[in-house]
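Spelled out, the chains give:
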Number of protein chains: 2
Amino acid sequence: MCVGLDPVLERLPAGLSGTPTEQIEQWCIGVLEAVVEHTPAVKPQLACFERYGAEGYAVYERVVSFAKSLGLIVIADGKRGDIGLSSAHYAAGMLAGDQAADALTVNAYLGADGLEPFADAAQPAGAGLFALVRTSNTGGDALQGLALADGRTVSQAVAQIVADLGASKPGYIGESGYSLLGAVVGATKPQDAAVLRDLMPQQLFLVPGFGAQGGGPEDVKACFKPDGTGAIITASRSVIFAHEQAPDKDWRLAVGQAAAEFNRQVASILK
Amino acid sequence: MCVGLDPVLERLPAGLSGTPTEQIEQWCIGVLEAVVEHTPAVKPQLACFERYGAEGYAVYERVVSFAKSLGLIVIADGKRGDIGLSSAHYAAGMLAGDQAADALTVNAYLGADGLEPFADAAQPAGAGLFALVRTSNTGGDALQGLALADGRTVSQAVAQIVADLGASKPGYIGESGYSLLGAVVGATKPQDAAVLRDLMPQQLFLVPGFGAQGGGPEDVKACFKPDGTGAIITASRSVIFAHEQAPDKDWRLAVGQAAAEFNRQVASILK
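Let me sum up the structure you'll find in this document. Because the structure is predicted, anything quoted here is derived from the model rather than measured. The residue numbers shown here count from 1 along each chain, following its written sequence. Chains and ligands are labelled sequentially in the order written, the chains with letters from A and the ligands with numbers from 1. Totals for whole chains, interfaces and linings use every residue, but because this is a predicted model, local features are given only for residues with pLDDT of at least 70 and side-chain atom pairs only at 80 or more, for both listing and counting. Side-chain metrics rest on all non-hydrogen atoms present in the structure, leaving aside hydrogens and water.

Topic: the overall build of chain A
Of the regular secondary structure elements, chain A holds eleven helices and eight strands. Computed over its C-alpha atoms, the radius of gyration of chain A comes to 18 Å, within 12% of the 18 Å expected for a compact globule of 271 residues. Principal-axis analysis of the C-alpha atoms gives chain A an extent of 55 × 40 × 35 Å. Counting over 271 residues, chain A shows a buried share of 58%. The contact criterion used is simple: two residues touch if any of their non-hydrogen atoms lie within 4.5 Å. Taking the contacts inside chain A whose residues are at least 6 apart along the sequence as the reference set, 70% of them involve residues at least 24 apart. Accessible surface area values rest on a Shrake-Rupley calculation with a 1.4 Å probe, where residue burial reflects the displayed protein chains alone. Accessible area of chain A: about 9700 Å², with a carbon and sulfur share of 52%. When charges are counted, Lys and Arg contribute as positive and Asp and Glu as negative, whereas His and the chain ends are disregarded. We put the charge of a Lys on NZ, of an Arg on CZ, of an Asp on CG and of a Glu on CD. Across chain A, the centroid of the 19 positively charged side chains sits 4 Å from that of the 29 negatively charged ones. Under the DSSP-based scheme used, a helix requires at least four consecutive residues in state H or I and a strand at least two consecutive residues in state E, with every element numbered from the N terminus. Within these notes, the globule rule equals 2.2 Å times the number of residues to the 0.38 power, and the radius of gyration is based on C-alpha atoms. When a residue's accessible area, from a 1.4 Å probe over protein chains only, is under 20% of the maximum for its type it is buried; when over 50% it is exposed; and in between it is partly exposed.

Here it is in C-alpha cells:
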C-alpha cells in the first residue's frame with residue numbers, strides 16, 4: 001500500500017500557521033508521522049508543490065528527506081516524460097542525490113526511447129519508475145481504450161512497450177524478478193487490469209484510485225499476481241483528508257486511523 | 001520562431017564561473033541577450049533546471065523573469081500532464097504569478113479531462129498550452145503512428161481530442177481565431193504534419209526538431225496554414241551551442257549569429 005501526499009491548501013485542517021508553503025510543510029510532516037506505522041510507502045504529488053514554484057519545490061525536497069528518514073519508500077508522482085538528455089535530467093534530478101525519491105511516475109507517450117534514459121538513470125541509483133499505462137479518468141478511457149487495427153487497445157500497446165523495455169537489459173530486472181520499470185494501472189478498471197497483468201508479468205503495478213476516487217478491494221484484485229505480489233495500492237484523499245469526516249478529532253489521529261483502515265482493506269484483498 | 005533554452009553543463013562554453021547552477025544562470029542570461037533581437041520567443045526546457053532541484057528551479061524562475069523583461073515570449077517546455085486538481089496546480093505554478101511563462105507544453109495521454117484544468121487555468125492568465133500530438137523520435141513513431149481500427153493513427157486521435165477541447169469554450173479561442181490550446185508536432189514528419197494541420201485548424205503548432213534534430217525548411221512547411229500563420233518553429237542546440245562550431249569566436253557572438261541564421265531560414269520557408 002501507499003499513501004498519496006497531495007497537499008491542497010484549502011483542504012488542510014485548522015491549526016497550521018505561517019505562509020502557504022509553511023503550512024503545507026507542517027501538514028506533510030504531520031501526515032508522514034501519522035501514517036508511518038501503517039504504510040511502507042508514500043507518494044507525494046509534485047504538482048501540489050510546484051504550484052508554489054521554487055519555494056514549493058524546496059518544501060518537496062525537505063518532505064522527501066523527512067519521509068526517507070522515517071524509513072518510508074517515496075514514490076514521486078511527477079508523471080514526467082521527455083526524450084534523450086531531458087529524460088535523463090529529470091531522472092537525475094528526482095532519483096539521485098540527498099533528496100532523491102525511490103521511484104518516479106513517468107509518461108510513456110513519447111515511446112520507448114523516451115523512457116530508456118529514465119531507466120538508465122534509475123538503475124545505478126537503485127530507483128524505480130512507474131509508466132502511465134491506464135488511468136481511471138473518463139478522458140483516459142476515451143484515448144487509452146481506443147481499439148487498434150491489430151485488435152489491441154492503445155493502453156495494451158503501451159503495456160507491451162513497457163514490458164519489452166523493462167526486460168531489455170539484465171540490470172533492469174531485480175532479484176525479485178520484477179523490473180525497475182513498473183506501470184500505473186488505474187483501480188477502477190478491473191476488466192482491463194487482468195489483461196494488463198498478463199501483458200506485463202514483470203511489472204509492479206502502482207494502482208491509484210482506491211477510496212475517494214472510487215475503486216474498492218474487488219476492483220484492484222486483478223492487479224496482483226496469484227502469489228499476492230505485484231501491486232501497490234494507493235489512496236490519497238480518503239486518508240490524508242480524513243479530518244473532514246471527523247471534525248471533532250485531532251487531525252493527526254484521524255489520518256492515522258484512516259491509514260490503519262486502508263491497511264486493513266488492502267490486507268483483506270490478499271486473503 | 002523560437003529558440004530552445006536547454007542548458008547542459010558539459011556543453012556550456014568556457015569562461016563561466018561558480019557553481020553549476022550559477023554557470024547555467026550566467027549562460028542563460030547571455031543567450032537571451034544574444035538572441036533577443038532575432039527571435040520573438042524562447043523555450044526553456046524544465047528538465048535541465050529541475051536536474052538541480054529547488055536551486056535549479058529558482059534559476060529557472062529568474063531566467064523566465066529576465067526573458068520577459070526583455071520582451072520575449074516564454075514557452076515553458078515542461079510536458080506536464082495529470083488530471084483534475086493536479087493539472088490545475090501545474091498550470092497555476094507555471095502560468096500565473098511573477099515568474100509565469102506565457103505558455104506550457106503538456107502531455108495529452110490522460111485525455112481531455114486531464115487537459116481541461118490546464119486550459120481553464122491558462123485562460124484567465126492570458127496564457128497558452130501546447131499538447132504533445134506527434135513527436136519526431138523513433139519511439140514516438142512506434143506508438144503515435146499506430147493504426148487504429150477506425151483508420152486513424154493514435155496521434156490523429158489525440159489531434160482530434162485537442163481540436164475539440166480547444167474549441168469547447170468560447171473563451172478558449174482568441175481574436176486571431178486560434179485556440180489557447182496548441183499542439184506540438186515534430187519537424188521530421190512532413191507527411192503527418194499535413195494531415196494534422198487539417199485536423200487542427202485552430203491550433204498553433206509548436207514544431208521542435210529544426211536544425212540539430214534533423215528537420216529542414218521543407219520539412220516544416222506543412223505545419224503552416226496557407227496564409228503563413230499557424231506554426232512556431234523551434235531550434236535549440238544548433239543555436240545555443242553554436243560556439244562548438246566556432247571555437248575562436250566569443251560564444252555570445254556565435255549564438256547571436258546562429259539565431260540570425262535560423263531567423264533567415266524560417267523567413268525563407270514563408271517566401
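Here we look at the packing of helix α4 (residues 84-95) of chain B against helix α5 (residues 112-125) of chain B
All names here are of chain B. Axis separation between α4 and α5 bottoms out at 8 Å; the angle between their running directions is 35°. The crossing of α4 and α5 is right-handed. Contacts between α4 and α5 involve G84, S87, A88, Y90, A91 and L95 on the former and, on the latter, D113, G114, P117, F118, A121, A122 and A125. Of the residues that constitute the contact of α4 with α5, the class distribution is nine nonpolar, three polar and one charged. Axis angles are defined between N-to-C directions and span 0 to 180 degrees, where every axis is a line fitted to C-alpha atoms and, for a helix, only to the segment in contact. Helix crossings fall into two classes, left-handed where the near helix is turned counterclockwise from the far one by less than a right angle and right-handed where it is turned clockwise. For this scheme, ten residues count as nonpolar: Ala, Val, Leu, Ile, Met, Phe, Trp, Tyr, Cys and Pro. Four count as charged, namely Asp, Glu, Lys and Arg, and the remainder, Gly too, count as polar.

Thoughts on the nonpolar core
Residues grouped as a nonpolar core are buried Ala, Val, Leu, Ile, Met, Phe, Trp, Tyr and Cys residues, joined through side-chain atoms within 4.5 Å. In this structure, W27, L129 and M200 of chain A together with W27, L129 and M200 of chain B are the most contacted members of the largest nonpolar core, which totals 196 residues. Excluding residues within four positions of it along the chain, W27 of chain A makes contact with L5, D6, P7, L12, P13, L16, I240, F241 and W251 of chain A.

Considerations on the interface of chain B and chain A
Contacts between the two partners involve 54 residues from chain B, matched on the other side by 54 residues from chain A. Once two parts are joined, some of their accessible surface, as seen by a 1.4 Å probe, is lost; buried area is that loss totalled over both. Both sides of the chain B and chain A interface together cover about 4300 Å² of buried area, and 60% of this is carbon and sulfur. If you sort the residues of chain B by the area they bury against chain A, H89, Y109 and L143 of chain B come out on top, with a joint share of 19%. Salt bridges are defined as contacts in which a side-chain nitrogen from Lys or Arg sits within 4 Å of a carboxyl oxygen from Asp or Glu. At the surface where chain B touches chain A, the tally comes to four salt bridges. Measuring nitrogen to oxygen at the nearest pair gives 3.0 Å for the salt bridge that ties E50 of chain B to R80 of chain A. Of all the secondary-structure elements, those providing two or more residues to the side of chain B that touches chain A are α2 (46-50), α3 (53-69), β3 (73-80), α4, α5, β5 (128-134), α6 (138-144) and α7 (154-166) of chain B. The dominant element in the side of chain B that touches chain A, judged by the number of residues it contributes, is α4 of chain B, at seven residues. Looking at the side of chain B that touches chain A residue by residue, the class counts come to 28 nonpolar, 17 polar and nine charged.

As for helix α1 (residues 20-35) of chain B
All names here are of chain B. One less than the residue count of a helix, multiplied by 1.5 Å, gives the span that helix is expected to have. Along its 16 residues, α1 runs 22 Å from first to last C-alpha, staying within 8% of the 22 Å computed at 1.5 Å per residue. Looking only at α1, the buried set comprises T21, Q23, I24, E25, W27, C28, G30, V31, L32, A34 and V35. Buried residues belonging to α1 abut β1 (2-5), β2 (41-44), α2, α3, α10 (237-240) and α11 (251-269).

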